[in-house]
Amino acid sequence: MTYVTHLEARYEKYRNGGIADFIRDTLPKKLACEIDVTSLASSHRNSAAICALSSKLYPAMAATAACNCADCRKPIPEDAGLHIVRRKDLPRYIEAGRPVQLRWGANVKVASADLPTLNFGRAKGLGFDRILIYPTARMVSWLMNPQIKLEGETRAKLYVALTRARHVVAVVHDIPHGQSIPGFSIYD
Ligand SMILES: [Zn+2]
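Heads up: these notes are all about the structure in this document. Every chain is numbered on its own, with residues counted from 1 as its sequence reads. Local features are withheld for residues below a pLDDT of 70 in this predicted model, meaning they are given only at 70 or higher, and side-chain atom pairs are given and counted only at 80 or more; totals for whole chains, interfaces and linings count all residues. With hydrogens and water stripped out, all remaining heavy atoms of the structure feed into the side-chain values.

## A short note on the pairing of strand 3 (residues 81–85)
Piece 1. Think of it in three bands: with a 1.4 Å probe and only protein chains considered, a residue is buried below 20% of the maximum accessible area for its type, exposed above 50%, and partly exposed in between. Here a helix means four or more residues in a row that DSSP labels H or I, a strand means two or more in a row labelled E, and each is numbered from the N terminus. With respect to burial, strand 3 is a largely interior element, five of its five residues being buried.
Piece 2. Paired strands, in this sense, are two strands between which DSSP finds at least two bridges. Of the strand pairs in this sheet, strand 3 and strand 7 (residues 165–172) are connected by five bridges, and their pairing is parallel. Of the residues in strand 7, the one forming a bridge with H83 is A170.
Piece 3. Sheet analysis places strand 3 next to strand 8 (residues 185–186), joined by two bridges and oriented parallel. Across the sheet, residue H83 finds its bridge partner in strand 8, namely S185.

Okay, structure coming up:
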């Protein structure tokens, strides 16, 4: 509660301009430019589930909603949604879904050398049906509990990553059996 109140006070001036202005003003210029700022109140790209999750990264901002256009995000694939994929299941998952792989940097090893792979900060203006995120440990912590404090750059990069996807966000994580992440299903 204290955290949200603090953010609301600090970011009051962004209330009307919303998340786009906030991102432009507060993040490193290079990173800010790589975030879509054209239509953040209503997304023509991201599904409702993706909007709901990504909006939690900036709780003091007005949440983004999925658009209701007749042709955006149609047809909806059967695997639409948020998924956790364990490393041992990656080959099978990748073969079926052919996602674009997103990672922090070139030092992060990806499961497929054949699929397109982008760093979080370098996906400017791009949208894909399916993305596969290789998260940092802090990103996983936030996904498990969106109330935790997440550093600005990590927060922004997770926002960029999540909002690349039209239908499917998959996150690589060896989640222990019996655990879950809110809003996510576990691929098996
Ligand atoms: Zn639309």
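We are not done yet, so read on.
## Examining the coordination of the zinc ion
Piece 1. Only H44 (ND1), C67 (SG), C69 (SG) and C72 (SG) from the protein coordinate the zinc ion, and they sit 2.1 to 2.3 Å from it.
Piece 2. Coordinating donors are taken as N, O and S atoms within 2.8 Å of the metal, stretched to 3.2 Å for Na, K and Ca; because water is absent from the atoms, sites can appear incomplete. Think of it this way: with four donors and all angles in the 85 to 135 degree range, the site is tetrahedral; with four or six donors, opposite ones beyond 155 degrees and the rest between 65 and 115, it is square planar or octahedral; otherwise it is irregular. Of note is the zinc ion, whose four donor atoms meet at the metal with angles of 97 to 116° in an arrangement that counts as tetrahedral.
Piece 3. For C67, a relative accessible area of 6% gives the class buried.

## Brief notes about the pairing of strand 6 (residues 128–133)
Piece 1. By the bridge criterion, three bridges tie strand 4 (residues 100–103) to strand 6 in an arrangement that is parallel. Bridging across to strand 6, V100 finds its partner in I131.
Piece 2. Pairing of strand 6 with strand 7, which is carried by five bridges, proceeds in the parallel orientation. From the neighbouring strand, L132 faces strand 7, where its bridge partner is A170.

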